[in-house]
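# Results of the structural survey
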Amino acid sequence: MFNKEFLKTLTIMYVEDDETIRVSLAGILSKIFGEVIICNDGASGLEQFKNYTFDQKIKIDAIISDINMPNMNGIEMVQAIRESDTEVPIVFTTAHGEANYLMDAIKLQIAYYALKPIDTTELLENISKFCMIEHNKKVIENKTKEITQYMDIMHHISTIFNVDLDGNIFESNMMLSQLSEYSQKELLSMKIDAILHNDALVTSYESIAQMVKENSLYKGKLKFSSKSGNTFYLNTTVLPMYNDSTNELQGYIYIGIDQTIDELEKQKTMQRVRQNIVTQRSKESGLVSHIKELENDIVKLKNTTLSSSDTQLILDKLSKEKQKVSALTLQIEHYEEKISSLTKQKDEMISGGINKIRDKSKNNKDSIQENRKLQTKIIELQSKVSKLEAKLRPNTY
């Protein structure tokens, strides 16, 4: 039984010179197919095919045509169509069964040869079958293109390499070469065990192959070692690879995403966490020790008998000492401000004096006398600064 929903998606061309047959069958076809292009001879059929295919860019999915027609017969029309389209399914309808028509039809790759009167159900079933074959071909072509595009992308973002049943790498992409620091030629003469890291959880081809056999595939993070000894990590999927002809297992395909940066960052984070734990435990130990010391002090105080007057005396003495420290701090701050102010004055006077000296002409007695006065003032200021600094020196108790 033909698929009505599928036929509704198709555009077909029907070519028939007999008006009675054409009108009758065209009415049936129009109810079944999405669009039916009706032509009354081969010349019209060829013209409509070119118009739809080349001008309107509309795909004609199948052609139903009589053979014997005026202006251009069906054979001639199909010969011209086959020059540009070798795949469109074509059904010939004829009242003749001569062998010469059959041979011509075979040469033109005719899909179906229907004798008049036409069995409509059989015709539709055959058209549906042939169109479905062509549709599936296109689907496979598109999927193949998509897979090819995906594989191109995968080759740029992931490592892809094949390993035979003995663990030998026999095909690899550039990504693996870049990460491993081995050339592709070098990789093709190596076993996978040579680049698997020796302190990883999985260190051998046999281990991976066994896990694939048990679970149909392997998924996990593999640790590798590069030519210079650097470590890199691949989030890897390993799939079995079969021979297309014999369907026998011939090796495994490894697809890996580089996780080196994430893994190293994770290790650094874990190291920081471990260090923090050690630090916190050390602090905890110190606090526990300090608490024990305080508890011991409390016990000692409890065992010591002090009168209230002795306690008050200690508190008063502590308060006086605090007041002395506070007063001394204020005094120091006051002296520091004075020193800063005097130092600023001294710097300004020195600067101003120097400028004045430069402005005076040479051998000017007034300039010399002014210079002496400034020097005297500087000596006085320095004397004051020295006295203040002496006051700031700590007292000896």
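Overview of the structure.

## Brief notes about the packing of aromatic side chains
- Here the structure, examined in full by the defined rule, presents three aromatic pairs.
- When the ring of Phe 224 is compared with that of Phe 232, the centres are 5.3 Å apart and the planes differ by 10°; the resulting orientation is stacked. You'll find Phe 224 and Phe 232 in the same group, each marked buried.

## Let's talk about the pattern of salt bridges
- Enumeration according to the criterion identifies ten salt bridges in this entry.
- Its salt-bridge partner being Lys 138, residue Glu 87 comes within 3.5 Å of it at the nearest N-O pair. Here the residue Glu 87 occupies a position in the loop between α4 (74–82) and β4 (90–94), and Lys 138 occupies one in helix α6 (residues 120–157), the gap between them amounting to 51 residues.
- Here Glu 87 falls in the partly exposed class, since its relative accessible area comes to 39%.
- In this structure, Arg 272 engages Glu 265 in a salt bridge whose closest nitrogen and oxygen atoms are separated by 3.7 Å.
- The structure contains a network of salt bridges with shared partners spanning Glu 16, Asp 66 and Lys 116.

## Let's talk about the packing of helix α3 (residues 42–55) against α4
- Where α3 meets α4, the axes come as close as 8 Å, and the angle between the chain directions of the two elements is 20°. In terms of orientation, α3 and α4 fall into the roughly parallel class. The handedness of the crossing between α3 and α4 is right-handed. Along its contact with α3, which presents Gly 42, Gly 45, Leu 46 and Phe 49, the element α4 presents Met 77, Ala 80 and Ile 81.
- Residues of the contact of α3 with α4, tallied by class, amount to five nonpolar, two polar and no charged.

## Concerning helix α2 (residues 19–32)
- Given a rise of 1.5 Å per residue, 14 residues ought to cover 20 Å, and the 20 Å separating the end C-alpha atoms of α2 matches this to within 8%.
- Within α2, burial applies to Arg 22, Leu 25, Ala 26, Leu 29 and Ile 32.
- The secondary structure elements touched by the buried residues of α2 are α1 (4–7), β1 (11–15), β2 (35–39), β3 (62–66) and α6.
- Structurally, the start of α2 carries an N-cap: the backbone nitrogen of Thr 20 is 3.0 Å from a side-chain oxygen of Asp 18.

## Details of the side chain of Asn 162
- The residue Asn 162 is located in strand β6 (residues 159–164) in this model.
- If sequence neighbours within four positions are ignored, Asn 162 has contacts with Asn 168, Ile 169, Phe 170, Glu 171, Met 241, Tyr 252 and Ile 253.

About the cut-offs
Note that residues are indexed from 1 along each chain, following the sequence as it is written. Confidence filtering applies because this is a predicted model: local features only for residues at pLDDT of at least 70, side-chain atom pairs given and counted only at 80 or more, and all residues used for totals across whole chains, interfaces and linings. Side-chain calculation: all heavy atoms of the structure are included, whereas hydrogens and water are not. Within 6.5 Å between ring centres, the rings of Phe, Tyr and Trp (the latter by its six-membered ring) count as paired, and their orientation is classed by plane angle as stacked under 30 degrees, edge-to-face over 60, tilted in between. We call a residue buried when its accessible area falls under 20% of the maximum for its residue type, exposed when it is over 50%, and partly exposed in between, using a 1.4 Å probe and counting protein chains only. Definition used for salt bridges: Asp or Glu carboxyl oxygen within 4 Å of a side-chain nitrogen of Lys or Arg. Counting from the N terminus, the helices are the DSSP runs of H or I reaching at least four residues and the strands are the DSSP runs of E reaching at least two. Axis lines are fitted to C-alpha atoms, over the contacting stretch for helices. Their N-to-C directions set the angle, which ranges from 0 to 180 degrees. Any angle that is under 35 degrees is reported as roughly parallel, and any over 145 degrees as roughly antiparallel; angles of 65 to 115 degrees are reported as roughly perpendicular and all others as oblique. Working rule for handedness: look at the near helix, and if it is turned counterclockwise from the far one by less than a right angle, call the crossing left-handed; if clockwise, right-handed. Note on definitions: a residue-residue contact is assigned when non-hydrogen atoms from the two residues lie within 4.5 Å. Classification convention: Asp, Glu, Lys, Arg as charged; Ala, Val, Leu, Ile, Met, Phe, Trp, Tyr, Cys, Pro as nonpolar; all other residues, Gly among them, as polar. Residue count minus one, scaled by 1.5 Å, sets the expected span of a helix. By the criterion applied in these results, polar contacts are pairs of N or O atoms within 3.5 Å in which, for protein atoms, one can donate a hydrogen and the other can accept it, and in which residues neighboring in sequence qualify only through two side-chain atoms.

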